[in-house]
Every structure is written in structure tokens, then in C-alpha cells.
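A closer look at the structure
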Amino acid sequence: MIGDTLLLQVAAVTDIAPGLRHLRLVAADGGKLPPAAAGAHVQFVLEGAARTWRNAYSLVSRPGARDAWEIIVRRVPTSRGGSAFIHEQIKVGDRLVAGWPGNLFAPVRIARHHLMIAGGIGITPFLSYLAEFGFTGAGHALHVCCREGEKDVFGPWLGNSPAVAFHWDADGHRLDIPALLASQPAGTHLYVCGPAAMNDEVMAAAAAAGWPASHVHCEHFGSALSGGDPFRAFLARSGIEVDVAEDESLLDAIERAGVAAPCLCRGGACGVCVTPLLEGEAEHRDHFLSAEERAAGRLIMPCVSRARAGRLVLDL
Amino acid sequence: MLHSDIKSRPVYRALEPDLSAAGHLLVIETATLQPGGLASLADAFAPVAAKLHTWLVGEAQAVPGLGKPWHLPAVADVVDALACATRGYGIGDRLYVQGTEPFLWSVATAAAIVGFGPDQIRLCHAGSLQRRVWCTHCHGFTEPVTTNVVPCAGCGRHLLVRDHFSRRLGAFMGVMVDTEAPGEVPAIEEVFA
């Protein structure tokens, strides 16, 4: 398959737990898919009746697999609606347009030891990590913080690995993050993927324990970050005014207006969508712009950031 | 003092403790210390004195403030001590090294082998500009080198000592200087005293 986008076909849909749906996707033309490494994500175009969503999901299939890609999608009640679409509408045989795989969360392969901390559905990138480490033999440990009832859901990917531990919110089962981070050998790299509050807690604990920042890696969920109060944006170069609803991102609204905006992760991490801001004040929610860039107020990442007040004018 | 036109050369800075670190290991080549040098290091590391270990390599009189230093005869003993450490080093630990360039990189390389990442290691050049030279022909090392041209300790070729530095080897590149005109060796000058 070549081209800017890929056409996929849904080969299997499995509800692995309440609110967790597993999709197996193959190339619609029966050919091979591009290979993707551990930690990769793919952006899917979800064509609903009333609107289109573009959501990025981590691949949980074996790294390098070319016959099929797999994703696991949690239904998020308060989300923009893409996950609900996958849970309610997608069926075997449906075709989906997807982007090429991107990877902003690859494991550091010179690491002596890989320490992974997952919160809830943040486990998905680590399922491909585990497949890689199982193949390369790299030392690793995965700590999963989830609801007690979901700890067996990922069994098919985890096997009975002694390197995987589950933690949940009950006495004796909570993860002691500072204690875990204080006892790691030199040469360890830390990866965290979970809700924002957990990511922040882990990053702060790592800094307090003396971890060099270059050994700490974080992936945020994008979709939950992008909603908020409705506002209006004016695309100066296109001469188009767009209304951004409370349940969609600025990037969604720009795409809905028919303006092509470059993007990759849709989660405020990669920096591909960064756009000059000509007027207005942004509420920055990305993890890419520096403090100086935010203070200068001349750039915005429309995939997650919104207007703090009033109208935004973008050079787009 | 370590001026070079090659931008990839390592940059060395005065040592100061990383206050967020869990443990601190300070390794000093004592022959490179200026009078009062240990005392000023003790001052700099006073905020982390409770978590500081000091290794003094070579002759030295200990000073207050660096804890109870461990005395080691030579850099080879530092390399062995790092490799044989019974207590593993942690991701929160920091290594600080002061000495000549071959010393710095012998210690840094040994530390990397036991897992220290580049951001856990701070290096401060002191003392002679002497270099370790790696022969591009026989892959042997020659040190200490203080001249612009040096006979290779491995193959005997006269090597021009270049400014190209390898962090992996902790050495500068040496290439045969009289390949085009055998026997025509430029004047040998002491440039890395």
C-alpha cells in the first residue's frame, strides 16, 4: 500500500471487557501493511453520520506485524465521540481510512532496564513493548494501575509474565510510586502512560528521586484533553471563520471547515500541527511548546489547545 | 585552554552537585589539584555532604567536608572498583570526575559500563592537556601524548594527533603523518603540555 493514507478493513471486533473493544484491521486490498515498531500509533478517520473524528490509537499488535494491526479502544463517555463511534458503529467488513504509523513513544534501546507504568488504557503502548522485549530479552518491568475487575483483561498479551504487576485502589494493592522509583538501577529508562494526574505524579516522583530527565518518557492521552468551552477561530489565510464546539478540538473544527492542517499525534505531543497565532490568547494544553513559546503567545497547537477567552486568529 | 574548532569536542565545567540526586560519587585525580582545590570542592559539595562519597586517586591529604575519602592508587583501580561494585548504582546517582582528559574518560567509560547514562556524569578538566591517542591503522592506544606528532605505541608509525575526539574510546584520532612522503616527519612540538 502506498499513498498519503491507507485503506483498512475491519477483520474482527471483540469486546474484551465492558467498555473495551479490540479491533483487528487488515489492508483493504489484501496486501501488506507498513511495519510499525513498539510504541507506534495510527490515526484513524472515523466517518460518523453527522461528523468525522480523527483519533490516534496505539497499536497493540506485535511490532513489525504486516498482516494486521490491532488496537484496543476504551469507550470514554465524556469524550468527543470517536470512541463511542467505534463501540456503537464499527462492524466487521467496514472500511476505515488511516494514516501511516507514527511513533512518539519508542522504547530507548540502549537502556539497561525498562520500567513501565501504565494507568488504565494507558497499557496499550506497553503491550507492543512487551512483545519486543520478549523477543530481544531486554530487562523490563510493567506496573499496571487499573480497576481490579480489569486486571485479567489483558491476559492474552501478558501471559504469566513475572515482570508484570497489577495495582488497584485498595489497601495493600496501591502502587507506591516513590518507593518504586527510588530503587531502580543506573541505566534504567522510565515510561509512563496514563491519565494526566498519574503521569504528573510519576514525573514529579522521578524528578524528586534524582532521575535524569532524559531517562523519563511520557505519553499522554490526547482525546480527553481537547474539549472545553466553545469558542470561535478565524483562519486568516483561508478567510474562514469556524465555530469550535465544546466537544471537539480546534483541529477538528478546522478540518470540518475543509482546511487541511498538518497533524500527526492529535495529542499535543509531536508538534506537527503547531500554527502561528496572530490574535487572541490561547489556553495551552500541549506538551510540546516551551514555557518561553507559551509566554510569547505567538504559537498554538490546535489538536489540544483552545481559546482562553474570545476569538483566536490563526495564520492558516 | 581546551580551545578547538571542532564543535563536537566535549565541554567541561566546574563541578557542582546536582541537588536532586539520590547519591553523589566524586572521583578526583589528585595530581591535577591546585593548592586549596580539595577545600573548594568540599565547599561546593557541602549541601550534599551526607550523601557524598569521595575517591581520591593518587597522593592526597584529605580535607574536612569530603567525608571519609577512599584512597586509590591509580585510575585502573577506579575502573576495577566501579566494575566490581557490590552495591549497584542507582538511576538517581551522579558521578563527578575531575582530572586530565584520559582520566576523565577512563572513569566515564567504566561508569557507562555499569549503567551510568551521560546525564548522570559530570566531567571537569584539570591539569595537563595530555591526550590519549588512538591509531587509525593498528587501533592501538598511545598515552600520555603531549606532542603534535607521536610514534604509535602499537605499530611505530608517526601519528599526527588530530582534534577529532571519540567519547567511546576517550581518545583522539592519530593518523600516519608521512604516508605521502615516507620519512618526512614534521617538527615535533610539545603542544598538549
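Up top is the structure these notes are about.
All residue numbers refer to position in the chain's written sequence, counted from 1. Lettering for chains starts from A, numbering for ligands starts from 1, and both go in the order in which the items are written. Only residues with pLDDT of at least 70 get local features here, since the model is predicted, and only at 80 or more are side-chain atom pairs given and counted; chain-wide, interface and lining totals rely on the full set of residues. To get the side-chain values, take all heavy atoms of the structure and skip hydrogens and water.

Side note on the overall build of chain B
- Counting from the N terminus, the helices are the DSSP runs of H or I reaching at least four residues and the strands are the DSSP runs of E reaching at least two. Helix and strand counts for chain B stand at three helices and 10 strands.
- Counted from the first residue to the last, chain B has its helices and strands arranged as β-α-β-β-α-β-α-β-β-β-β-β-β.
- Within these notes, the globule rule equals 2.2 Å times the number of residues to the 0.38 power, and the radius of gyration is based on C-alpha atoms. Against the 2.2 N^0.38 benchmark of 16 Å for 193 residues, chain B shows a C-alpha radius of gyration of 18 Å, consistent with a compact globule.
- Overall size of chain B, expressed as C-alpha extent along the three principal axes, is 60 × 35 × 30 Å.
- Looking at chain B as a whole, 46% of its 193 residues are labelled buried.
- When contacts within chain B are restricted to residue pairs at least 6 apart in sequence, those whose partners lie at least 24 apart make up 64%.
- Under the convention used here, a 1.4 Å probe and the Shrake-Rupley method define accessible areas, while residue burial counts only the protein chains that appear. Per element, the accessible surface of chain B, about 9700 Å² overall, is 56% carbon and sulfur.
- His is not counted, nor are the chain ends; Lys and Arg add positive charge and Asp and Glu add negative charge. All charge positions are set by atom: Lys at NZ, Arg at CZ, Asp at CG, Glu at CD. Across chain B, the mean location of the 14 positive side-chain charges is 8 Å away from that of the 18 negative side-chain charges. We call a residue buried when its accessible area falls under 20% of the maximum for its residue type, exposed when it is over 50%, and partly exposed in between, using a 1.4 Å probe and counting protein chains only. Contact between two residues is taken to exist if any of their heavy atoms lie within 4.5 Å; hydrogens are not considered.

Digging into the sheet that holds strand S9 (residues 158–166) of chain B
All names here are of chain B.
- Spatially, the five strands line up as an open sheet ordered S7-S6-S10-S9-S8, and their pairing is mixed. Only two strands of the sheet have a single partner each, and these edge strands are strand S7 (141–145) and strand S8 (149–151). Sheet twist, expressed as the average angle between the axes of neighbouring strands with direction ignored, equals 45 degrees.
- Strand pairing follows a simple DSSP-based rule, namely that at least 2 bridges must link the two strands. Of the strand pairs in this sheet, strand S6 (residues 131–135) and strand S10 (residues 171–176) are connected by three bridges, and their pairing is parallel. When the sheet's bridge partners are listed, valine 133 is paired in S10 with phenylalanine 172.
- For helices, the fitted line uses only the C-alpha atoms of the stretch in contact; every axis is such a line through C-alpha atoms, and the angle between N-to-C directions lies from 0 to 180 degrees. Strand contacts of helix H3 (residues 101–113): S6, S7, S9 and S10, with the helix running at about 70 degrees to S6, the strand carrying the most contacts.

Some thoughts on the packing of aromatic side chains
- Here a pair means two rings of Phe, Tyr or Trp (six-membered ring of Trp) with centres within 6.5 Å. Their orientation is stacked below 30 degrees between planes, edge-to-face above 60, and tilted elsewhere. Following the criterion strictly, the structure yields 14 aromatic pairs over all chains and no others.
- Ring centres of Phe105(A) and Phe126(A) lie 5.8 Å apart, and the angle between their planes is 50 degrees; on these two criteria the pair is classed as tilted. Note that Phe105(A) is positioned in the loop between strand S6 (95–98) and strand S7 (113–119) and Phe126(A) in helix H2 (residues 124–136), a separation of 21 residues in sequence.
- For Phe105(A), a relative accessible area of 3% puts it in the buried group.
- You can call Phe126(A) buried: its relative accessible area is 0%.
- The interplanar angle of 90 degrees and the centroid separation of 6.2 Å between the aromatic rings of Phe105(A) and Tyr191(A) together place this pair among those described as edge-to-face. Here the residue Phe105(A) occupies a position in the loop between S6 and S7, and Tyr191(A) occupies one in strand S10 (residues 188–194), the gap between them amounting to 86 residues. In this structure, Phe105(A) and Tyr191(A) share a single accessibility class: buried.
- An aromatic cluster is present here, built from Phe105(A), Phe126(A), Tyr129(A), Phe133(A) and Tyr191(A) joined pairwise through their rings.
- Over the face of the ring belonging to Phe165(B) we find Arg9(B), whose NZ or CZ atom lies 5.9 Å from the ring centre. We call a charge positioned over a ring when the NZ of a Lys or the CZ of an Arg lies within 6 Å of the ring centre and within 35 degrees of the ring normal.

Details of the interface of chain A and chain B
- Facing 15 residues of chain A, the contacting portion of chain B comprises 16 residues.
- Buried area, as used here, totals the accessible surface that two parts lose on assembly, with accessibility defined by a 1.4 Å probe and the loss added over both. Between chain A and chain B lies a buried interface of about 970 Å² when both sides are counted; carbon and sulfur atoms form 52% of it.
- When residues of chain A are sorted by the area they lose upon contact with chain B, Arg112(A), Ala186(A) and Pro212(A) head the list and together hold 45% of the total.
- Between Lys or Arg on one side and Asp or Glu on the other, a salt bridge is scored when a side-chain nitrogen of the former is within 4 Å of a carboxyl oxygen of the latter. Counting across the interface, chain A meets chain B through zero salt bridges.
- Throughout this description, a polar contact denotes any pair of N or O atoms lying within 3.5 Å of each other; where both atoms belong to protein, one of them has to be capable of donating a hydrogen while the other can accept it, and for residues adjacent in sequence the pair is counted only when both atoms sit in side chains. The interface formed by chain A and chain B includes eight residue pairs in polar contact (both at pLDDT 80 or more).
- Think of it as three bins: nonpolar holds Ala, Val, Leu, Ile, Met, Phe, Trp, Tyr, Cys and Pro, charged holds Asp, Glu, Lys and Arg, and polar takes everything else, Gly as well. When the residues that make up the side of chain A that touches chain B are grouped by side-chain class, the tally is eight nonpolar, six polar and one charged.

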